[in-house]
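# What the coordinates show
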Amino acid sequence: MVNLPALSFLWPTMLWLLVLVPLLGLAYWRLDRRRRSVAARYPALDMIGLGRRPSVVRRWLPPCLLLLGLAAMIVAMARPQALMMLPSRIETVVLAMDMSGSMRADDIKPSRIYAAQQAAKEFVERQPANVNIAVVAIAGAAAVVQSPTRKREDVIAAIERLEPQRGTALGSGLIIALATLLPNAGIDVERFLEGGSIRKPPASPDLAAAGQAESAVPGSYAAGAVVLLSDGQNNTGPDAIKAAEVAAGYGVRIFTVGIGTPEGTTLTADGWSARVRLDEEVLKNVADMTGAQYFRAEDADELKQIYRSLSARLAFDKRDVVEITALFTALGALLAVCSGLLSLWWYGRVQ
């Protein structure tokens, strides 16, 4: 459920004027009561049209609209502000897709890998035309199968060429995805893959353009993101959590999508069988550490819906405080005009 944006005010003292609204409402009620009392006392006024008693709706709707309009105008005078979601300026998205043998499992019909490919293609098609998309395939090793490009047909073709392979090196895939997203950041991928640590260098052109300092806040890099789709079973290469720590140091968000079911299924291939389950813990930790979000898909339709939500999230992912004085001013003017028009229609004059 989406929460309404919280309001704050630049001039909150002006809100004291709202006291006038109920006072004016009380004054109108007394005036209306007096009119009805006079009409009841002099029935002969009905004969000349002065004692007609309009319905409750006709008596009260125009003044209520006018009072609401006045309240909106007073709120506008207080200069309201709201924390709102605004269109983001994201430039690049890297899709990191798990192509390990466990993706052959059919607990998501017809198979995990087929459902993942179909959902990923729909995700690509939903991205704005100015967003570059790259694809990283993750198995026993990881590799960039499509460098960042705006050509959607090339990205979709790369996704369709993906085939399951043995092993899952999530850490390798994430560090390669990060280096693909930040090509000028000087990330030493080879050192990381050999078990070495990566220190964040001084602000690079990529990060400086995003207004980031040397110690970036997790999730603060607004120009790009990584989307990891996996069943979470890492069995080779560097630890995925260490790769997430590096990404967090650069402020890069890694959204994770878990595909499969916790109970899993038995996978038989090439004369061997194994129980393959969704391991959510590592995927949740990666998303939490980088200031992103974890999603879980237990069927193909849910997976597509997750990618649709991600598309919307990436398109409107900038939160900022916006002054909405004009909105309340327009609302107040509209309510006042409606009140006047209704009075003219029903009474031939403004009440």
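Position numbers for residues start from 1 in each chain and track the written sequence from start to end. With pLDDT at 70 or above as the cut-off, local features in this predicted model cover only qualifying residues; side-chain atom pairs require 80 or more to be listed or tallied, and sums for whole chains, interfaces and linings still use all residues. Processing note: side-chain calculations cover all non-hydrogen atoms of the structure and skip hydrogens and water entirely.

## Thoughts on the overall build of the protein chain
In terms of regular secondary structure, the protein chain is built from 11 helices and 11 strands. Relative to its full complement of 351 residues, the protein chain shows a buried share of 46%. Considering only contacts in the protein chain between residues 6 or more positions apart, those separated by 24 or more positions represent 78%. As presented, the protein chain carries roughly 18400 Å² of accessible surface, and 58% of it is formed by carbon and sulfur atoms. Secondary structure counts use DSSP, requiring at least four H or I residues in a row for a helix and at least two E residues in a row for a strand, with both numbered from the N terminus. Working definition: with a 1.4 Å probe on protein chains only, accessible area under 20% of the residue-type maximum means buried, over 50% means exposed, and in between means partly exposed. Whether two residues are in contact is decided by their heavy atoms: any pair within 4.5 Å suffices. Under the convention used here, a 1.4 Å probe and the Shrake-Rupley method define accessible areas, while residue burial counts only the protein chains that appear.

## Regarding unusual backbone geometry
For the peptide bond that leads from Lys109 to Pro110, omega is -5°, which places it in the cis range. Mapped onto the elements of the fold, Pro110 is located in the loop between strand S3 (92-98) and helix H3 (112-126). Positive phi is not limited to glycine here, since Arg79 has a value of about 55°. A relative accessible area of 27% means that Arg79 is categorised as partly exposed.

## A few points about the packing of helix H8 (residues 240-249) against helix H9 (residues 280-289)
When two helices pack together, you describe them by how their axes are tilted relative to each other and by the distance separating the axes. Axes here mean lines fitted to C-alpha atoms, for a helix over just the part in contact, with angles spanning 0 to 180 degrees between N-to-C directions. Two elements in contact, H8 and H9, have axes separated by 9 Å at closest approach and are oriented at 15°. As the angle between them shows, H8 and H9 are arranged roughly parallel. Where H8 crosses over H9, the handedness of that crossing is right-handed. Residues Ala240, Ile241, Ala244, Glu245 and Ala248 of H8 pack against Val282, Asn285, Val286 and Met289 of H9. Angles are sorted into four bins: roughly parallel if under 35 degrees, roughly antiparallel if over 145, roughly perpendicular if 65 to 115, and oblique for all others. Crossing handedness is read from the near helix: turned anticlockwise from the far helix by less than a right angle, it gives a left-handed crossing, and turned clockwise, a right-handed one.

## Thoughts on the packing of H3 against helix H4 (residues 152-160)
Where H3 contacts H4, the two axes come as close as 10 Å, and the packing angle between them is 170°. Of the possible angle classes, the one that applies to H3 and H4 is roughly antiparallel. Note on element contacts: H4 touches H3 through Arg152, Val155, Ile156, Ile159 and Glu160, opposite Gln117, Ala120, Lys121, Val124 and Glu125.

## Topic: the sheet that holds strand S4 (residues 132-138)
Two strands are counted as paired when DSSP detects at least two bridges linking them. An order of S5-S4-S3-S6-S7-S10 is seen for the six strands of this open sheet, with the pairing classed as mixed. Only two strands of the sheet have a single neighbouring strand rather than two, namely strand S5 (142-149) and strand S10 (294-297). Taking the axes of each pair of neighbouring strands and ignoring which way they run, one obtains an average angle of 15° across the sheet. Two elements, S3 and strand S6 (residues 224-230), share six bridges in a ladder whose sense is parallel. When the bridges of S6 are listed, Val93 appears paired with Ala225.

## Quick look at the environment of Pro262
Among the secondary structure elements, Pro262 is positioned in the loop between strand S7 (253-259) and strand S8 (265-269). Assessed through its relative accessible area of 32%, Pro262 is described here as partly exposed. Separated by 17 residues in sequence, Pro262 and Asp279 place their C-alpha atoms 7.0 Å apart. Once residues within four sequence positions are removed from consideration, Pro262 is found in contact with Arg277, Leu278, Arg296 and Glu298.

## Points about the side chain of Thr325
In this fold, Thr325 is placed in helix H11 (residues 325-347). A relative accessible area of 18% places Thr325 in the buried class. With residues up to four places along the chain from it excluded, the contact list for Thr325 reads Ala76, Arg79 and Pro80.

## As for the side chain of Lys121
Relative to the elements of secondary structure, Lys121 occurs in helix H3. Taking relative accessible area as the criterion, Lys121 reaches 14% and is therefore assigned buried. Not counting residues up to four positions away in its chain, the partners in contact with Lys121 are Ile156, Ile159 and Glu160.

## Some thoughts on the packing of aromatic side chains
Under the pairing criterion, centres of Phe, Tyr and Trp rings, with the six-membered ring standing for Trp, must be within 6.5 Å; the plane angle then separates stacked pairs below 30 degrees from edge-to-face pairs above 60, leaving the rest tilted. In total, this model carries zero aromatic pairs according to the counting rule given. Throughout this description, the term charge over a ring refers to an Arg CZ or Lys NZ atom that lies within 6 Å of the ring centre and within 35 degrees of the ring normal. Note that Arg79 overlies the ring of Trp11, its terminal NZ or CZ placed 5.1 Å from the centroid.

Functional significance is not addressed by these values, which are geometric in nature.
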